[in-house]
Amino acid sequence: MRVVMLVVFWALQALCFVLFKYGSQHTSRFWTMFIAANAVGVTSTVLLMHMYRFMNANIATGLAIGGGFLCSQLALAVIFHSRFSSWQWVGLLGIALGMALIAFTAPAQPPTL
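Let me begin by describing the structure that accompanies this report. (Residues numbered from 1 in each chain as written. Predicted model: local features only at pLDDT ≥ 70, side-chain atom pairs only at ≥ 80, totals over all residues. Heavy atoms only, no water.)

1. A few points about unusual backbone geometry
Working step 1: Unlike most non-glycine residues, His 81 shows phi in positive territory, near 55°.
Working step 2: Here His 81 shows up in the loop between α3 (57-79) and α4 (86-104).
Working step 3: The exposure class of His 81 is exposed, given its relative accessible area of 69%. (Helix = DSSP H or I, 4+ residues; strand = E, 2+ residues; numbered from the N terminus. Buried < 20%, exposed > 50% of the residue type's maximum accessible area, 1.4 Å probe, protein only.)

2. Description of the environment of His 26
Working step 1: Mapped onto the elements, His 26 comes out in the loop between α1 (2-25) and α2 (30-54).
Working step 2: With relative accessibility at 31%, the residue His 26 sits in the partly exposed group.
Working step 3: For the pair His 26 and Gly 98, spaced 72 residues apart in the sequence, the C-alpha separation amounts to 36 Å.

3. Some details on α1
Working step 1: Helix length check: α1 (24 residues) gives 35 Å between terminal C-alpha atoms against 34 Å at 1.5 Å per residue, within 8%.
Working step 2: Among all positions in α1, only Met 5, Leu 6, Phe 9, Trp 10, Leu 12, Gln 13, Ala 14, Cys 16, Val 18, Leu 19 and Gly 23 are buried. (Expected span 1.5 Å × (residues − 1).)

4. Remarks on a nonpolar patch on the surface
Working step 1: A grouping of Phe 17, Phe 20, Phe 30, Trp 31, Phe 34 and Ile 35 is seen on the molecular surface, where their side chains present a nonpolar patch of about 620 Å² in accessible area.
Working step 2: Within the residue set of the nonpolar patch, elements represented by two or more residues are α1 and α2.
Working step 3: With four residues, α2 is the largest single contributor of residues to the nonpolar patch.
Working step 4: Within the fold, Phe 34 resides in helix α2.
Working step 5: When its relative accessible area of 35% is taken as the criterion, Phe 34 is described as partly exposed. (Patch = residues over 30% accessible without salt bridge, like charges linked within 9 Å, V, L, I, M, F, W, Y side chains within 5 Å. Areas by Shrake-Rupley, 256 points an atom, 1.4 Å probe, with all protein chains shown as cover. Salt bridge = Lys/Arg side-chain N within 4 Å of Asp/Glu carboxyl O.)

Fair warning: the whole summary comes from geometry, so function is off the table for now.
As structure tokens, then:
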């Protein structure tokens, strides 16, 4: 269930940014895309709040926001034919590595008194 929620969140985030970009390129659809993108964004935020019920908040936030950013960047690059420089690829890889560290390491335990 957690994985499904994360994937849906990432897809919603990518869609949100694609709608913003599309609206910025077509002035006749600016407000329509602005409203649509914000509706999608609010939906993803509600989903994130539900993830907090099932996951540690730090882990959920790191995976959701990091993955949403990666998916958004890749979607924008594919749909709008933009290219990443070598250093930008390194940055994306760094974010993915950070997500893996968050996901596969145990959270710190509070100190015992």
